[in-house]
Amino acid sequence: MTPASVTVVITTPVAADVRATTDAVERYLHTTGFEFRVVVVDEKQLQRSVMEASTGIVVIVDGALPYPVTAIGDAVAMIQSGAAEVVFGARSVSARASFILRSLLVDELPDPTVRLQALSPDAARLLFGEMKLDARWSDLELAYLANKYGLRLERLLVLCPRATRMTEGLRAISAAISIRMIDRKNGYRAPRRCPVCFSTEVWSCAQIDGNVVRACGRCKCRYLNRVVDAGDPPVRRVLRAYPSAEERAASDALDETAHGRSAREKTSRRRLKTLRKHLPPRARVLEVGVRDGSFGLAASREYEYVGIDRSAAPARAARARGIEVYCSSLLEFVNTGPAFDAVTLYHVFESMRDPHDALSRVKELLKPGGILLVSAIDTESLTYLLSERKRAAQNFRTRAILYSRSALIELLERSGFEIASVGPELEYHDHKFIRYRLASRWPAIASVAPALFQFLPDPLLVSSGSIRIVAQRRAGAPLDLRAIRSVETTHAR
């Protein structure tokens, strides 16, 4: 790994002597192997100095240096490792700004008593290039802009005595109101638009391992700020030792494909029963995302079934069961036969990066009057709202976008579909899976769950907060096609 290029900006009041701080910082950086430069600036020149030094990692240090100098190395390490793009120093995990400031700006604000900030080169250029207020309130403005543009922000715990510089006063509230007014008048650059409705009313609602979850205030959707290349998981996974056969048998599964075989087959039969209501026998059906092939095996007995999956392993396993399955993504799939009578996307639509292109391709594959079945997690459901914060990382383990009921209906209607029915998506879950979910949410209830499950069937039909939408393809172009596709997405950087 090449040594990091670090610029340490020491802020000081006018005519203050910071030679001791400068010597201590330089002595420490000589021992780290960093390519560094130390700059001493007045607070009024902070913005210009950071912009000139934004070719490498930028660290802003208090001239008094009330914390150990090793905190600079820790902050640089967090930026260099990719764990964060913006690092704020804090005296404790619970150190938070006042409730008034957090309600005016964002919930995650820096510790008002510590001036220690580290920024990646891209974050430094973006945030300090957009700053409009005096450098005294740079902490508040940086935190608000980092939330606006979806940057990953982390706290760094430092040993620091309580300083006299506070931001809970009336001046800080006035600065927070000024930040809000500047944003309202479009004084800051617009963030990346929502991939569903193209709105700029987005903010960071959660930080998960390796990514940031963004929320849209208009359509109530949740989506990842960055989506990696196809084939890779959108969220980092932690590598653990491979379990033995006994441990795998006793472990609790975390995804639907790891349920018992009876649960998967009963869920597939329930989905097939819904499909029968809208299709005649021997119709042509395309399933996107075959999983273990249980639905395809049941549907192939009544319909001309074709399945596709972008992963090679599920496609091979499904073909081994005697059904027609191809390893391909939806956009790359080439249909060599007649148009399909139905296309099903069971918890697959959420993993697609561009929903508009995906629905356009689905419409090309369907014949006029064809049926589209979509099942997805509903961000407006009570189940999701109660578990959103605790299960944010799990919800986005393989998904890129989570839709609200209203947003998904609007998206389908504007893409050339007519809604036929909307209802809850009920699935069969094993008792072991339900016990795991209860233990992760309500441990007290999980202790008495085994006694209750003795009187319930296994697998059990439950709701996971998902919805099922059945839509019919209209003939002709989608509604307001030009108005939708003419909106150009803006990028924060």
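Residues numbered from 1 in each chain as written. Predicted model: local features only at pLDDT ≥ 70, side-chain atom pairs only at ≥ 80, totals over all residues. Heavy atoms only, no water.

Caption draft 1: Representation of the packing of aromatic side chains in the model. Per the stated rule, a full pass over the model turns up four aromatic pairs. Taking the centre distance of 5.3 Å and the plane angle of 70 degrees together, the rings of F295 and Y346 count as edge-to-face. Placement of the pair is F295 in helix α10 (residues 294–299) and Y346 in strand β13 (residues 340–346), with a sequence separation of 51 residues. The class for F295 is buried, based on a relative accessible area of 3%. For Y346, a relative accessible area of 3% corresponds to the buried category. Here F349 and Y403 contribute two aromatic rings whose centre-to-centre distance is 5.1 Å and whose plane-to-plane angle is 20 degrees, an arrangement assigned as stacked. Note that F349 is positioned in the loop between β13 and α12 (355–365) and Y403 in the loop between β15 (401–402) and α15 (405–414), a separation of 54 residues in sequence. Pair check on accessibility: F349 and Y403 agree, each one buried. (Phe/Tyr/Trp six-rings, centres within 6.5 Å; stacked < 30°, edge-to-face > 60°. Helix = DSSP H or I, 4+ residues; strand = E, 2+ residues; numbered from the N terminus. Buried < 20%, exposed > 50% of the residue type's maximum accessible area, 1.4 Å probe, protein only.)

Caption draft 2: The packing of helix α6 (residues 138–148) against helix α7 (residues 170–184), seen in detail. It is the contact of α6 with α7, at a shortest axis distance of 10 Å, that shows an interaxial angle of 35 degrees. Where α6 crosses over α7, the handedness of that crossing is right-handed. Every residue of α7 that contacts α6 at L140, E141, Y144 and K148 is listed here: A172, I179, R180 and D183. In terms of residue class, the contact of α6 with α7 is built from four nonpolar, no polar and four charged. (Axes fitted to C-alpha atoms, helices over the stretch in contact; angles between N-to-C directions. Left-handed = near helix turned anticlockwise from the far one by under 90°. Contact = heavy atoms within 4.5 Å. Nonpolar A, V, L, I, M, F, W, Y, C, P; charged D, E, K, R; others polar.)

Caption draft 3: The arrangement of the pattern of salt bridges in detail. Overall, the coordinates contain 22 salt bridges when judged by the stated rule. For the salt bridge of E388 with R222, the shortest nitrogen-to-oxygen distance reads 2.7 Å. Of the two residues, E388 is situated in the loop between α13 (382–387) and α14 (392–395) and R222 in strand β9 (residues 222–224); the sequence distance between them amounts to 166 residues. Residue classification places E388 among the buried positions, given a relative accessible area of 17%. Looking at R222, the relative accessible area reads 12%, which means it is buried. With a closest N to O distance of 3.5 Å, E410 and R414 form a salt bridge. With E410 and R414 both in helix α15 and four residues apart, the pair spans about one turn of that helix. Taking relative accessible area as the criterion, E410 reaches 27% and is therefore assigned partly exposed. A relative accessible area of 34% means that R414 is categorised as partly exposed. Connected via shared salt-bridge partners are R271, E425, E427 and R468. (Salt bridge = Lys/Arg side-chain N within 4 Å of Asp/Glu carboxyl O.)

Caption draft 4: Fine view of the nonpolar core. By size, the foremost hydrophobic cluster in this structure holds 39 residues, and its most contacted members are F349 and L372. Of all the secondary structure elements, the ones that give two or more residues to this core are β10 (284–288), β11 (304–309), β13, α12, β14 (366–377), α15 and β17 (460–473). Counting 38 residues, the second-largest nonpolar core is a separate cluster that includes I60, V86, A124 and F128. (Core = buried A, V, L, I, M, F, W, Y, C linked by side-chain atoms within 4.5 Å.)

Caption draft 5: Just the confidence of the model for the protein chain, in detail. Across the protein chain, the average pLDDT comes to 83, with 85% of residues at 70 or higher. Across residues 237–257 the pLDDT falls below 50, and counting only partners more than four positions away or on other chains, this stretch makes 24 contacts in the model. Note on residues 481–493: pLDDT under 50 across the span, and 34 contacts to partners over four residues away in sequence or across chains. (pLDDT = per-residue confidence, 0-100.)

Caption draft 6: Inspection of the sheet that holds strand β4 (residues 86–90) at higher detail. The six strands are arranged β2-β1-β3-β5-β4-β6 in an open sheet whose pairing can be described as mixed. Strands at the two margins of the open sheet, each flanked by one partner only, are β2 (35–42) and β6 (153–157). Adjacent strand axes in the sheet meet at a mean angle of 20 degrees when their direction is disregarded. For β4 and strand β5 (residues 116–119), the ladder comprises three bridges, and the chain directions are antiparallel. Looking at the pairing, F88 lines up with Q117 of β5. (Pairing = 2+ DSSP bridges.)

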